[in-house]
Amino acid sequence: MSGPGAVEARATKTLGGLVTGQLLRLCQVSGIDEADAETYARVLTDALAGVAERSLDLPPPARTFLSDDSTPVEFSLSFVPDGPPALRVLLEPGSGTESLRDNGRAGLAVVRSMAERWGFATGQLDVLEDLFLPDDPEGPLALWIALELRPGGVPKVKVYLNPAARGADRAAETVREALDRLGHRGAFDTLPPGDGYPFLALDLGDWQAPRVKVYVTHRELRASDAGGLSRMGPGPDAEVLEGFLRQTGGYDDGTPGPEARFDRRPVLTCHSFTRTTGGPTGFTLHVPIRGYVPHDGVALDRATAVLARHGVDPAVLERALTAVTPRAPRDGRGLIAYVALAHERGRPPRVTTYLSSEAYEVLPPASPPPLQRPSGTARETVPGTPAIS
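Residues numbered from 1 in each chain as written. Predicted model: local features only at pLDDT ≥ 70, side-chain atom pairs only at ≥ 80, totals over all residues. Heavy atoms only, no water.

A short note on helix H7 (residues 238–249)
Okay, so step 1: Along its twelve residues, H7 runs 16 Å from first to last C-alpha, staying within 8% of the 16 Å computed at 1.5 Å per residue.
Okay, so step 2: Within the sequence span of H7, burial applies to Leu241, Gly243, Phe244, Leu245, Arg246, Gln247, Thr248 and Gly249.
Okay, so step 3: Looking at the buried positions of H7, the neighbouring elements they touch are strand S7 (221–222), strand S8 (261–262), strand S9 (267–273), strand S10 (282–287), helix H8 (296–309) and strand S11 (336–344).
Okay, so step 4: Its side-chain oxygen placed 2.8 Å from the backbone nitrogen of Glu239, Asp237 serves as the N-cap of H7. (Helix = DSSP H or I, 4+ residues; strand = E, 2+ residues; numbered from the N terminus. Expected span 1.5 Å × (residues − 1). Buried < 20%, exposed > 50% of the residue type's maximum accessible area, 1.4 Å probe, protein only. Contact = heavy atoms within 4.5 Å. Polar contact = N/O pair within 3.5 Å; in protein donor to acceptor, adjacent residues only side chain to side chain.)

Quick look at helix H9 (residues 315–324)
Okay, so step 1: Taken residue by residue, H9 has Val316, Leu317, Ala320, Leu321, Ala323 and Val324 as its buried positions. Viewed along the axis of H9, the buried residues span an arc of 155 degrees, placing them on a single side of the element.
Okay, so step 2: On its buried face, H9 sits against helix H1 (15–30), strand S1 (73–79), H8, S11 and strand S12 (350–356). (Arc of directions from axis to C-beta.)

Topic: the packing of aromatic side chains
Okay, so step 1: Tallying each qualifying case throughout the model produces nine aromatic pairs.
Okay, so step 2: Ring plane angle 90 degrees and centroid distance 5.5 Å describe the contact between Phe199 and Tyr215, whose orientation is recorded as edge-to-face. Residue Phe199 is found in the loop between helix H6 (171–181) and strand S5 (200–204), and its partner Tyr215 is found in strand S6 (residues 212–218); the two are separated by 16 residues along the sequence. In terms of burial, Phe199 and Tyr215 fall into one category: buried.
Okay, so step 3: Ring geometry for Phe262 versus Tyr292: centroids 5.0 Å apart, planes at 70 degrees, classification edge-to-face. On the criterion of sequence distance, the pair formed by Phe262 in strand S8 and Tyr292 in the loop between S10 and H8 is long-range, its members being 30 residues apart.
Okay, so step 4: In this structure Phe262 comes out as buried when scored by relative accessible area, which is 1%.
Okay, so step 5: Residue class for Tyr292 comes out buried when judged on its relative accessible area of 1%.
Okay, so step 6: An aromatic cluster of three or more residues is present, and its members are Phe65, Trp144, Tyr160, Phe199 and Tyr215. (Phe/Tyr/Trp six-rings, centres within 6.5 Å; stacked < 30°, edge-to-face > 60°.)

Focus on unusual backbone geometry
Okay, so step 1: Residue Pro234 is reached from Gly233 by a cis peptide bond, and omega for that bond is -5 degrees.
Okay, so step 2: When you line up the elements, Pro234 lands in the loop between S7 and H7.
Okay, so step 3: Phi is positive for Ser70, close to 70 degrees, though the residue is something other than glycine.
Okay, so step 4: Position of Ser70 among the secondary structure elements: in the loop between helix H2 (34–48) and S1.
Okay, so step 5: A positive phi angle, close to 60 degrees, is found at Glu220, a residue other than glycine.
Okay, so step 6: Summarising the element assignment, Glu220 is placed in the loop between S6 and S7.
Okay, so step 7: Look at Glu220 and you get partly exposed, because its relative accessible area is 28%.

Some words on the side chain of Arg211
Okay, so step 1: With respect to the secondary-structure elements, Arg211 resides in the loop between S5 and S6.
Okay, so step 2: Looking at Arg211, the relative accessible area reads 6%, which means it is buried.
Okay, so step 3: Within the structure, the side chain of Arg211 is placed 2.6 Å from the side chain of Asp203, a separation counted as a polar contact.

Some details on the sheet that holds S5
Okay, so step 1: Here ten strands make up a closed barrel; going around it, the order is S1-S2-S3-S4-S5-S6-S9-S10-S11-S12 and the pairing antiparallel. Going across the sheet, the axis of each strand differs from the next one's by a mean of 20 degrees, ignoring polarity.
Okay, so step 2: Here strand S3 (residues 143–149) pairs with strand S4 (residues 156–161) via six bridges, running antiparallel. When the bridges of S4 are listed, Trp144 appears paired with Tyr160.
Okay, so step 3: Strand contacts of H1: S1, strand S2 (86–91), S3 and S12, with the helix running at about 5 degrees to S1, the strand carrying the most contacts. (Pairing = 2+ DSSP bridges. Axes fitted to C-alpha atoms, helices over the stretch in contact; angles between N-to-C directions.)

Topic: the layout of surface pockets
Okay, so step 1: As a volume, the second largest pocket reaches approximately 430 Å³.
Okay, so step 2: As for the second largest pocket, its lining consists of 22 residues, of which Lys156, Trp207, Glu344, Arg347 and Arg350 are closest to the centre.
Okay, so step 3: Of all the elements in the fold, those that place two or more residues in the lining of the second largest pocket are S2 and S3.
Okay, so step 4: A per-class count over the lining of the second largest pocket returns six nonpolar, six polar and ten charged. (1 Å grid on protein atoms, 1.4 Å probe; cavity = no way out; pocket = protein on both sides within 12 Å on 5 of 7 lines; lining within 4 Å. Points joined across faces, edges and corners; volume = space filled by probe spheres on them. Nonpolar A, V, L, I, M, F, W, Y, C, P; charged D, E, K, R; others polar.)

Quick word on the packing of H1 against H9
Okay, so step 1: Remark: H1 packs on H9, axes separated minimally by 8 Å, with the N-to-C direction vectors making an angle of 160 degrees. Classified by the angle between their axes, H1 and H9 sit roughly antiparallel to one another. Our pair here, H1 against H9, has a crossing hand that is right-handed. Between H1, through Gln22, Arg25, Leu26 and Val29, and H9, the contact on the second element is made entirely by Val316, Arg319, Ala320, Ala323 and Val324.
Okay, so step 2: Looking at the contact of H1 with H9, its residues break down into six nonpolar, one polar and two charged. (Parallel < 35°, antiparallel > 145°, perpendicular 65-115°, else oblique. Left-handed = near helix turned anticlockwise from the far one by under 90°.)

Things to note about the confidence of the model for the protein
Okay, so step 1: Of all residues in the protein, 91% have pLDDT values of 70 or greater, and the mean over the chain is 91.
Okay, so step 2: Every residue in residues 2–11 is under pLDDT 50, and counting partners more than four places away or in other chains gives 26 contacts.
Okay, so step 3: Confidence over residues 371–385 falls short of pLDDT 50; this stretch has 36 contacts with residues more than four positions distant or in other chains. (pLDDT = per-residue confidence, 0-100.)

Some words on the pattern of salt bridges
Okay, so step 1: Summed over all chains, the structure comprises 22 salt bridges.
Okay, so step 2: Glu344 is the partner of Arg347 in a salt bridge, and the nearest nitrogen-oxygen pair spans 3.6 Å.
Okay, so step 3: The network of salt bridges with shared partners includes Arg101, Arg105, Arg112, Asp126, Glu129 and Asp135. (Salt bridge = Lys/Arg side-chain N within 4 Å of Asp/Glu carboxyl O.)

So, the environment of Val306
Okay, so step 1: Position of Val306 among the secondary structure elements: in helix H8.
Okay, so step 2: Spatially, the C-alpha atom of Val306 lies 7.8 Å from that of Val351, the residues being 45 residues apart in sequence.
Okay, so step 3: If sequence neighbours within four positions are ignored, Val306 has contacts with Phe244, Gln247, Thr248 and Val351.

Spelled out as structure tokens, the structure:
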């Protein structure tokens, strides 16, 4: 199932028209008033620059690791009990540039423009520029921006950087050096073992406790091993983490521990540092749910079960899906890209769902379903949409 603007009415002619329409409707779902929503829509189109006016009759402006169909925008909703969800939008400002170097420079310029507009410092990003934005960068991305939208028209800003920018073989070295430069000496040694470091993220601007976040890839992860991945203390209960993995992965049917394995798209963990001594103060598990369902109807069922388990009204998620697309969940796979469970010191757990814009393509339902594939069937090899929070 594909085609330009596959999930939006044909009256929407441009990428900017599609994603701002989705954003405005999601703002209604999350309780952001019309004036602030209009402000955020303008911020989004300004950040996308020329690609916002790009016709949906054309292919994506460039291949991007941000989404499966190369839409340079992704939405997410973060839920806690007894409150409206926090709406976020992730974007790649340099998606219309001709090289990865230019992509990063364009993203950096947008960050600095936002800093001037909203009065925040970029010092932490500046000291990392040579590590993550070299003259001849490598890897699947350069710089992304995430905006956490809130009442008042001024978002919280986060930037995401690529540890493989100087080569995948130097990613661990780059993360260690970045943490050291930011004052988190010894932090790298507190991270759990993994199979790679896809992102390093920074909170910029008005945050109560700004975070430096390191993401770790875990291939072939067993649900029973989840309890050993958190390094925050006191951390989440191992049974809670395993239960979350089983529920999102479809293994809550009594599947034995060794068989409850994420052998398609890998699970990610995120480790947040808010102080320069000790270990992480936050831990998040990100499950690429679209790799473990036959279609989004099943993903929705699992996500709503997770929300209910954590005291959140799941009806809000259903309204959010309707805000993004008119298509039925059963008609595709990937609208719900990830489901994440986040723990931060002194706060209740958060459940976050990541929603794909699907401007260019809808991944068809899986056949056979991922968890019922015949022996010897090849694993899914579509690049994974990153999950970030």
